[in-house]
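# An overview of the molecular structure
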Amino acid sequence: MPELPSLQIGQHTARYPIIQGGMGIRISGANLAAAVANTGGIGVISAVALGLNSPYFDITQSKVRLRQEQFFQANRLALIDELKKARELSPHGMIGVNVMVAARDYETLVRTAAQQGVNLIISGAGLPLQLPEYTADYPEVALVPIVSSTRAAKIMCRKWERQYKRLPDAFVVENPNTAGGHLGAKYEELNHPAWDAEQVIPELVNYLDQEVGQPIPVIAAGGVWDRADIDRMLALGASGVQMGTRFITTDECDADRRYKEFHLHAQPEDVVIVSSPVGLPGRALRNPFVEKVIAGASDLERRCLASCLQVCRCRDTGELYCIVQALDKAARGDVENGLVFSGSNAGRVQRIMPVAELMAELVG
């Protein structure tokens with residue numbers, strides 16, 4: 001089997017072209033990111049709501065305004081802690097942060113990550129049109145938008161070049177037909193072949209080569225599981241891959257052991273599309289909580305915890321559920337009453353293993 005190439009993003013080079021996807025809340029924290037970085041990949045901490053399960057936040061605070069202020073402050077402080085821990089565990093590895101544009105504290109988290117010396121910032125859940133502005137004092141930090149189409153990448157390139165005289169250091173191209181978590185497509189658009197990697201990756205690579213004229217790496221995301229998938233994406237023209245679900249069933253994954261075992265025992269038919277209060281569909285594993293969401297149950301948790309998102313149907317119209325609390329419950333091990341996001345490859349994992357063993361399997 002031929003050796004995998006290295007992956008250069010901005011000023012930084014990873015030994016292997018594998019990015020571990022950012023998964024919140026506290027699914028991919030410092031332990032997982034550092035383990036991946038130490039084995040030659042790029043480890044990514046999800047910055048979403050890190051403060052929720054931290055000593056900086058008191059969930060029993062009854063005054064809404066104070067609870068919101070405390071929540072955002074806790075997120076910033078918890079991100080600092082997580083990045084420091086990751087760097088202690090991996091002094092020389094490549095560490096990134098995934099920050100959602102949809103978060104109300106997006107700018108604060110981006111600026112905090114840059115100040116803490118993170119190697120790259122991956123940003124999706126909306127187009128990160130102002131990302132260069134927030135990191136202007138830290139040119140060594142690589143900036144990587146997440147897109148699902150060449151059209152979105154064109155918008156990013158034109159906007160950044162016109163306003164900031166720079167281009168993205170890479171693009172993560174997420175396939176909504178196979179990715180886990182929130183998907184960059186409307187419900188009625190899912191399963192359309194226009195999203196498939198075979199369509200989007202060559203098209204985007206060609207656009208960047210022919211029209212932009214700069215070597216911007218394209219990272220394939222969604223449904224990447226094994227070495228054969230990695231080789232297939234590289235053959236399409238991608239410079240690397242991003243893998244999320246595959247890293248959940250590792251010893252170092254920051255989620256509760258019960259969360260990992262829930263993935264371990266999942267079957268392909270357990271993967272479902274679920275409505276989310278952010279206004280996008282999500283791919284998750286079927287459990288009693290998801291069954292309630294699909295059935296439109298009236299006893300879902302609709303109390304908005306911290307007004308954490310720019311757009312939220314739970315907060316704005318009292319619909320669906322508080323997604324922060326649903327994700328947090330699952331991450332802490334309550335896999336019956338929480339939301340368990342997953343990619344389309346559920347049912348393929350055989351056991352929980354160390355990150356080093358998984359990486360050896362992927363690159364060997």
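Below: a short report on this structure.

About the criteria used
- Residues numbered from 1 in each chain as written.
- Predicted model: local features only at pLDDT ≥ 70, side-chain atom pairs only at ≥ 80, totals over all residues.
- Heavy atoms only, no water.
- Salt bridge = Lys/Arg side-chain N within 4 Å of Asp/Glu carboxyl O.
- Helix = DSSP H or I, 4+ residues; strand = E, 2+ residues; numbered from the N terminus.
- Buried < 20%, exposed > 50% of the residue type's maximum accessible area, 1.4 Å probe, protein only.
- Phe/Tyr/Trp six-rings, centres within 6.5 Å; stacked < 30°, edge-to-face > 60°.

What follows is about the pattern of salt bridges. For the structure shown, the criterion picks out 18 salt bridges. Put simply, Glu 69 and Arg 65 hold a salt bridge, and the shortest N to O gap is 2.8 Å. With Glu 69 and Arg 65 both in helix H2 (residues 64-89) and 4 residues apart, the pair spans about one turn of that helix. For Glu 69, a relative accessible area of 44% translates into the label partly exposed. Under the relative-accessibility criterion, Arg 65 is labelled exposed at 54%. The salt bridge partner of Asp 226 is Arg 348, with a shortest N-O separation of 3.3 Å. In this pair, Asp 226 sits in the loop between strand S10 (218-221) and helix H7 (227-235) while Arg 348 sits in the loop between helix H11 (323-331) and helix H12 (355-363), placing the two residues 122 residues apart along the sequence. Salt bridges sharing common partners tie together Glu 198, Asp 229 and Arg 232.

Throughout the structure, instances matching the rule amount to 4 aromatic pairs. Relative to Phe 71, the ring of Phe 57 has its centre 5.6 Å away and its plane inclined at 75 degrees; by these criteria the two rings are edge-to-face. Taken together, the residues span a long stretch of sequence, with Phe 57 in the loop between strand S4 (42-46) and H2 and Phe 71 in helix H2 at a distance of 14 residues. Take Phe 57: its relative accessible area is 10%, and that puts it in the buried class. Take Phe 71: its relative accessible area is 2%, and that puts it in the buried class. With a centroid separation of 5.6 Å and 70 degrees between ring planes, the pair formed by Phe 71 and Phe 72 is classed as edge-to-face.

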